[in-house]
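Chain residues, written in single-letter form:
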Amino acid sequence: MPRKLPEIDRRKFLKGVAVGGAAVGLAGSAEAQTGAPAAAGRSLAKAPLPSAAMRAAEEKVPAEVEKLTTQKTGSDFMVDVVKTLGIDYLAACPGSTFRALQESFINYGANKQPEWLTCLHEEASVAMAHGYSKIAGKPMAAMVHGTVGLQHASMAIYNAWCDRAPVIVFTASAGATDDRRPGVEWAHSVQDGASLVRDFSKWDDMPWSLQHFAESMVRAYKVATTAPTAPVVIVAEGKLQEAPLHADEAKKLTIPKLVPNTQPQGDLNAVRETAKLLVAAENPLIVADRYARTPEAIPLLIKLAELLQAPVVDLRARMNFPNQHPLNHSDRFRALLSQADVMLALEPVDLYGEINGMRDQIERTSRKITKPGAKIVTIGSNDLLIHANYQDFQRFETQDISISGDAEATMPSLIEAVQRALTDNRKSALAARGQKLAEAKKESTERLRGEAAYAWDASPLSLARLSMELWAQIKGEDWSLVSSGGGGGGWPFRLWNFDKAYHHIGGSGGSGMGYGLPASVGAALANKERGRLSVSIQTDGDFMISPGAMWTMAHHQIPMLVVMNNNRAYHQEVMHIQRMANRHNRGVDRAWIGTTIRDPNIDYGQLARSMGVFGEGPITDPKDLGPAIKKALEVVKRGEPALVDVYTQPR
Amino acid sequence: MTGVKLLLTAGVALLWAASASAQQQQQAPRGSADSGRKLYESFGCYQCHNRAAQGAGATGPRLAPGPLPFQAFIQQVRHPRYEMPPYEAAIVTDQQVADIYAFLQTIPKPPDPKTIPLLN
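Owing to the predicted nature of the structure, the values given are computational and were not obtained by experimental measurement.

Let's talk about the overall build of chain A
Each helix and strand counted, chain A has 25 helices and 18 strands in total. Each principal axis of the C-alpha distribution contributes one length, and for chain A these read about 110 × 60 × 50 Å. A burial count over chain A gives 55% of its 651 residues as buried. Across chain A, every contact between residues at least 6 apart in sequence was considered, and the portion connecting residues at least 24 apart equals 79%.

Here's what the structure looks like:
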């Protein structure tokens, strides 16, 4: 997969080293014997032959020979274990604490399943694995250097945790105190390596034996992939990796068979109660957030919504529901919520935030948006995995029915219960409601089309224009939007046609900066195997946290079209500083300090080209964008990455 | 979530804008559109409402064409509803608000979306 590099002529190189080495040695010998300086050029021809005594000393076998090589090590067995799990890729920035494992993966493991991917930052390695899981529906691995590598990776692990994404993280330690070389190995060693990320990972272990490693590895995979899915961490101790593995020891080792866990389903009685409420409701509302775990989730939710003729709001932590479906009313969320008598929230990430509004002024005031007496029902697995320290669990909100279980796994029983509760009379009433909703959807789409026309010809470009220029070029392809949260100011979700599970990858979870590009690269890697076109709308501030992922994309030939939403600032932060300046009555004229990325503007096309990625732009005239995207797409269709830089409006 | 909340804000503002009468528009003090264009930039209005005042679903409603009646406009600037930060007279004078308002009144209507092939 990596590009071939020019090879050094190894034979010539070794010959040069051997001759040079011999010349130095013999010259020294001659000088010692004769007391005269050895003249360059005569050393080889005139060197004395070794005496019989010297030959005997060199050929004598010492009583104890230090064993310097071995055939098999603990790290080889670790590779055997990982291979049983079907992990296709492992992303890593090199680190000496896992040197044996790396060598085993690429040589003993033949660099296949998993294939080793070179990253330029540990944060990118984990974000790549995070993005990959969104498309592939299974974990990828990231290996990070002991201590310092894990520190780099920690924010990306936090994102994966907040997003409940399964990622396998390996880290390592240099071994026991008497095995560590002085200096850096001590700085990179740690007693409890995973403690750094324990608050935001689902499980971790540092195996003390190879058998322990095998069992913990299989357990880690099962734990990571059972809802609520989340990252897990395995610490591979250095000595365990590097120690020779003798045949008699190897025979005793076993690798447990991976049998995936079933996913937790909600209580059937509570599901039946929910079905009755939904069928009887005059204005039910379904709100899906981190709902879809597999592609099967979408048709299940369509079935439920159509049975009830109920509007669905997709909060898009996952690709939950087709955006053009007549029952998708995501753009009318608050209006529908204020009228709802029953709200069903599927895997809510922030239930309080969904049904309350909070104003960001000096005194933060909040108000409930739901009408009095509205019933709130949740189906979700959030409470099955909650830790104390980091507060990603959000503010507490009361529910009328709270069903603990994976929403997707619970959906078939809810559908069945709704079907049983529906009478013919009720069905005809619901059909009338569905008709009204379909008309409202039509009006809403027309309104959004009109909104997109504002500033259509503006420069810098509007995000509506950027989104629709991109859509025009990709809508005939088997496309996948792999940018965090979609990108493009939400315009793709308004006017494109999302109806497949891979059409977007949701958000980062924790909103930690630097997720966007490497997550896109990971998702694009999964799409590459499936022959899909990956496109990503990248924001400049987030992009520059981890731009090295472009090199990874070029090196491993991962095709993806990147369109830069280059507004030359951390605009959300500009607004925060503006808010504070206004609050303090000091004027906003310095709000740009520390928040803008201009003077000089970054040339993303040039940056891309420097890393082997096709780069175009910056585009400032809207008329130039379509042709630039078309040109870049030709590159992507050849199997290579490309980037188009676009100067955009702030939001 | 934030985006949806603010979209609602945008929707409310649009309704408000639609109800503006010509008479109310005429009550606006005289302002300089040229000065207003510069002030719109320097006071950072564009950060949330974009450079053509077209708004952004997630951050701020559309301001033009057809801005709010001036009295409602200046009320929103001084004592904003929802998320907008307040701009007091010590920071933006009434005349400067009038200039910005004059600039917003110069912003033309967008093209009919039916005439834009990419929107059809």
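Digging into the interface of chain B and chain A
Each side of the interface is counted separately: chain B has 39 residues, and chain A has 42 residues. Where chain B abuts chain A, roughly 3,600 Å² becomes buried across the two surfaces, and 59% of that area is made up of carbon and sulfur atoms. Remark: the boundary between chain B and chain A carries one salt bridge. Note that R62 of chain B is salt-bridged to E451 of chain A, the shortest N-O span being 2.9 Å. There are 18 residue pairs in polar contact (both at pLDDT 80 or more) connecting chain B and chain A.

Some points on the sheet that holds strand β9 (residues 342-346) of chain A
Residues and elements named next belong to chain A. Across the sheet, five strands lie side by side as β8-β7-β9-β12-β13; this open sheet has parallel pairing. Edge positions in the open sheet fall to β8 (312-314) and β13 (401-404), since each of these has one partner strand only. Neighbouring strand axes in the sheet, compared pairwise and without regard to direction, differ in orientation by 15° on average. Relative to β8, strand β7 (residues 284-288) runs parallel, the two being bridged by three bridges. When the bridges of β8 are listed, I286 appears paired with V312.

Observations regarding the nonpolar core
Residue and element names in this part refer to chain A. By size, the foremost hydrophobic cluster in this structure holds 75 residues, and its most contacted members are I286, L301, L304, L346, L414 and L561. In this structure, this core is formed jointly by two domains, domain 3 (268-445) and domain 4 (453-647), each of which donates at least three residues. Leaving out residues up to four positions away in the same chain, I286 has contacts with L301, L304, A305, L308, A310, P311, V312, V313, L344 and L346. Listed in part, the 59 residues of the second largest apolar core include A136, A142, V233 and V482.

As for the state of the cysteines
Counted by the stated rule, this structure contains zero disulfides over all chains. Its sulfur unpaired, C93 of chain A is 7.7 Å from the next cysteine sulfur, which belongs to C119 of chain A. Using a relative accessible area of 16% as the deciding quantity, one classes C93 of chain A as buried. The thiol sulfur of C45 of chain B is not disulfide-bonded, and the nearest other cysteine sulfur, from C48 of chain B, lies at 9.0 Å.

Concerning helix α13 (residues 297-308) of chain A
Residue and element names in this part refer to chain A. If you check α13, its first and last C-alpha atoms are 17 Å apart, about what 12 residues at 1.5 Å a residue would give, namely 16 Å. Every buried residue belonging to α13 is among A297, I298, L301, I302, L304, A305 and L308, and all of these are buried. End-on view of α13: buried residues confined to an arc of 165°, all on one side of the axis. Where α13 is buried, its residues touch α12 (268-280), β7, β8, β9, α16 (407-421) and α17 (424-452). One or two positions beyond α13, positive phi appears at Q309, with a value near 50°.

Parameters and conventions
Residues numbered from 1 in each chain as written. Chains lettered and ligands numbered in written order. Predicted model: local features only at pLDDT ≥ 70, side-chain atom pairs only at ≥ 80, totals over all residues. Heavy atoms only, no water. Helix = DSSP H or I, 4+ residues; strand = E, 2+ residues; numbered from the N terminus. Buried < 20%, exposed > 50% of the residue type's maximum accessible area, 1.4 Å probe, protein only. Contact = heavy atoms within 4.5 Å. Buried area = accessible area lost by both parts, 1.4 Å probe. Salt bridge = Lys/Arg side-chain N within 4 Å of Asp/Glu carboxyl O. Polar contact = N/O pair within 3.5 Å; in protein donor to acceptor, adjacent residues only side chain to side chain. Pairing = 2+ DSSP bridges. Axes fitted to C-alpha atoms, helices over the stretch in contact; angles between N-to-C directions. Core = buried A, V, L, I, M, F, W, Y, C linked by side-chain atoms within 4.5 Å. Domains from an automatic or database assignment. Disulfide = S-S within 2.5 Å. Expected span 1.5 Å × (residues − 1). Arc of directions from axis to C-beta.

Distances and angles like these do not, on their own, reveal function.
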